[in-house]
Amino acid sequence: MADFKQQALRYHAEPRPGKISIEISKPAETVTDLALAYSPGVAEPVREIAADIDNVYKYTAKGNLVAVISNGTAILGLGNLGPMASKPVMEGKALLFKRFANLDSIDIEVSHRTTEEFINTVANIADTFGGINLEDIKAPECFEIEKELIKRCKIPVFHDDQHGTAIVTAAGMLNALEIQGKDIKSAIIVCMGAGAAAIACMELLIKCGAQREHIYMLDTKGVIHTRRNDLNQYKLLFANNTDKRTLEDALTGADVFVGVSGPDVLPPQALQLMADKPVIFACSNPDPEIKPELAHAARNDIIMATGRSDYPNQVNNVLCFPFIFRGALDVRASVINDAMKLAAVNAIRAIAKEPVPEEVLTAAKVAELSFGKSYIIPKPMDPRLLPRVARAVADAAVASGVARIALPDNYYC
């Protein structure tokens, strides 16, 4: 672990600090080049944009530019460490946008005193970008922030901790339930955690067919039920009219466990309380709610997923967010709506059912992968994700009326 820590620190510090840089996309070698790039030539696109604001997409990089914005109040599983401490994570997000979807991205870390101040700051700079990815903002403030920014901005605003997690979780969950011979419409679901990711995951699973009354959500005080008087408006949506109070109560007869909480909170013996062929998503990072070795030792009929790359079935947001933004920006969508999220879910889960290309096996350092208990969602390096998910999202944007332009010719055909 000490060696890995030093390796990670060197990676970020050498040979030059950070993970991203700016590159120029036009020649700047001659006097003529410079005259075109800046004064006097730059005045021409200025006039064109002033005459028609949509020309900003024709003459600037706006249409391929995403802002990754945080206030550092919920950094990974490390907590509220402030805006500057979040910068390595936001740079990492920008790296992933470029690596997987060739989207340019700038990280922005915001210091503020009130939620309204954060909202105003982001709203006031939003038009610079083609889209905004919110990141590592704590609940419940993140819900208000995203809602208000969606209302005020003319470009897609997407809190990846909520919706990216939800999309990948839903894709994997639907496939896992299919393999286990279960129907999401009748599945009993236990959700350990009641923050941004947990609430978004459950809401999207409901849109995929889960029944709200079949969901038992737990926070630090136990099951969220209708007789509690300490619930905020977001938890209240999952207040179940039940006598269940503990994790063990909720797990009795349950088909699914989704963990978005903290390490080692699911005792192995508690798995024995669940129904036949349960599905366990232990997504706390870096340490899951239960270690896969312990879960498999407790039961041999489970499907297990985690947020880690060193176990099968990694629930990883990189399967989703680069491609959602790629599809949204390419049709100039004004928002990322439910139709686009569900399109991404279906595109991701479909890829897992197809033969896996040799290049993916090589990158994953495995000899074979096929749809089943140990392979319910694609690997992040699967090249099919970009064309398939981006196309599905773009199609959904056009069909649902939020695209400002038609699908480009031969778009990821």
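Described below are features of the structure shown in this document. Note that this is a predicted model, so its numbers are computed, not measured.

The subject of this paragraph is the overall build of the protein chain. Of regular secondary structure, the protein chain possesses 16 helices and ten strands. When its C-alpha atoms are laid out on the principal axes, the protein chain stretches across 75 × 50 × 50 Å. Taken across its 413 residues, the protein chain has 51% of its residues classed as buried. Partitioning the contacts of the protein chain with sequence separation of at least 6, the portion at a separation of at least 24 is 67%. For the protein chain, the exposed surface amounts to about 19,500 Å²; the carbon and sulfur share of it is 54%.

Below, the discussion takes up the layout of surface pockets. Looking at the second largest pocket, its volume works out to about 1,200 Å³. Residue lining of the second largest pocket: 32 residues in total, with E23, I24, S25, A61 and D104 positioned closest to the centre. Of the residues in the lining of the second largest pocket, the class split is 18 nonpolar, five polar and nine charged.

If you look at the biggest cluster of nonpolar residues, it comprises 103 residues, and the most contacted ones within it are M202 and F281. Here F281 is in contact with T169, G172, M173, A176, F257, V258, G259, A305, V315 and I376, once residues within four sequence places are set aside. Residues M192, L251, F257 and L271 belong to the second largest nonpolar core, which totals 20 residues.

The next point concerns the pairing of strand β6 (residues 215-219). Within β6, five of the five residues are buried, which leaves the element mostly enclosed by the surrounding structure. Of the two faces of β6, both are covered, the one formed by I215, M217 and D219 as well as the one formed by Y216 and L218. Note: strand β5 (residues 189-192) against β6, four bridges, orientation parallel. Bridge pairing in β6 places V190 opposite Y216. Chirality of the crossover, the property in question, places the unit of β5, helix α9 (residues 196-207) and β6 among those that are right-handed. In this structure, β6 lies alongside strand β7 (residues 222-223), joined through two bridges in antiparallel fashion. Bridge pairing links D219 to G222 in β7. Connecting β6 to the antiparallel partner β7 that follows it, the hairpin turn spans two residues.

Cis geometry is found at the peptide bond from E14 to P15, where omega equals -5 degrees. Here P15 lies in the loop between α1 (2-13) and α2 (31-37). Looking along the chain, the bond that leaves S39 and enters P40 is cis, with omega of 10 degrees. Among the secondary structure elements, P40 is positioned in the loop between α2 and α3 (43-51). The residue N313 is not glycine, and still its phi comes out positive at about 60 degrees. Locating N313 in the fold gives a position in the loop between β10 (303-306) and α13 (321-330).

Now for empty space enclosed by the protein. Scanning the model with the defined rule gives one cavity of 30 Å³ or more in all. The wall of the largest cavity is formed by Y57, G130, P156, L329, R332, A333 and R404. Among the residues making up the lining of the largest cavity, the classes are represented as four nonpolar, one polar and two charged.

For helix α7 (residues 141-152), with twelve residues, the first-to-last C-alpha span of 17 Å sits near the 16 Å given by 1.5 Å per residue. Three or more residues of α7 are buried, namely C142, F143, I145, E146 and L149. The arc that holds the buried residues of α7, viewed along the axis, is 165 degrees, so those residues lie on one side. α7 presents K147 and K151 as exposed residues on the side facing more than 90 degrees away from its buried surface. On the buried face of α7, the contacting elements are α6 (115-125), β3 (131-134), β4 (157-159), α8 (160-179), α9 and α10 (233-236).

Across the sheet, which stays open at both edges, the four strands sit in the order β2-β1-β3-β4 with parallel pairing between neighbours. The sheet is open, and its two borders are formed by β2 (104-109) and β4, each paired with just one other strand. Each strand axis lies, on average, 20 degrees off the axis of its neighbour in the sheet, ignoring direction. In the sheet, strand β1 (residues 65-70) pairs with β3 via four bridges, with the strands oriented parallel. Looking across to β3, one finds that V66 is bridged to G131. This element, α8, spans β3 and β4 of the sheet and lies at about 75 degrees to β4.

At a minimum axis distance of 8 Å, the contact between α8 and α9 shows a crossing angle of 45 degrees. On the basis of their axis angle, the class for α8 and α9 is oblique. Judged by the twist between their axes, the crossing of α8 over α9 is right-handed. Every residue of α9 that contacts α8 at D161, Q162, H163, T165, A166, I167, T169, A170 and M173 is listed here: A196, A197, A200, C201, L204 and L205. Looking at the contact of α8 with α9, its residues break down into ten nonpolar, four polar and one charged.

For the rest of this paragraph, the subject is the pattern of salt bridges. A full pass over the atoms with the stated rule returns 29 salt bridges. When the shortest N-O distance is used, the salt bridge between E117 and R113 registers 3.0 Å. On the basis of relative accessibility, which here comes to 25%, the residue E117 falls in the partly exposed class. By relative accessible area, which is 74% here, R113 ends up exposed. D219 is paired through a salt bridge with R228; the nearest N and O atoms lie 2.7 Å apart. The two residues D219 and R228 agree in class, both being buried. A cluster of three or more residues bridged by salt bridges with shared partners is formed by D219, K221, R228, D230 and K235.

Rules used in this analysis
- Residues numbered from 1 in each chain as written.
- Predicted model: local features only at pLDDT ≥ 70, side-chain atom pairs only at ≥ 80, totals over all residues.
- Heavy atoms only, no water.
- Helix = DSSP H or I, 4+ residues; strand = E, 2+ residues; numbered from the N terminus.
- Buried < 20%, exposed > 50% of the residue type's maximum accessible area, 1.4 Å probe, protein only.
- Contact = heavy atoms within 4.5 Å.
- Areas by Shrake-Rupley, 256 points an atom, 1.4 Å probe, with all protein chains shown as cover.
- 1 Å grid on protein atoms, 1.4 Å probe; cavity = no way out; pocket = protein on both sides within 12 Å on 5 of 7 lines; lining within 4 Å.
- Points joined across faces, edges and corners; volume = space filled by probe spheres on them.
- Nonpolar A, V, L, I, M, F, W, Y, C, P; charged D, E, K, R; others polar.
- Core = buried A, V, L, I, M, F, W, Y, C linked by side-chain atoms within 4.5 Å.
- Pairing = 2+ DSSP bridges.
- Right-handed = clockwise from strand over helix to strand, strands pointing away.
- Expected span 1.5 Å × (residues − 1).
- Arc of directions from axis to C-beta.
- Axes fitted to C-alpha atoms, helices over the stretch in contact; angles between N-to-C directions.
- Parallel < 35°, antiparallel > 145°, perpendicular 65-115°, else oblique.
- Left-handed = near helix turned anticlockwise from the far one by under 90°.
- Salt bridge = Lys/Arg side-chain N within 4 Å of Asp/Glu carboxyl O.

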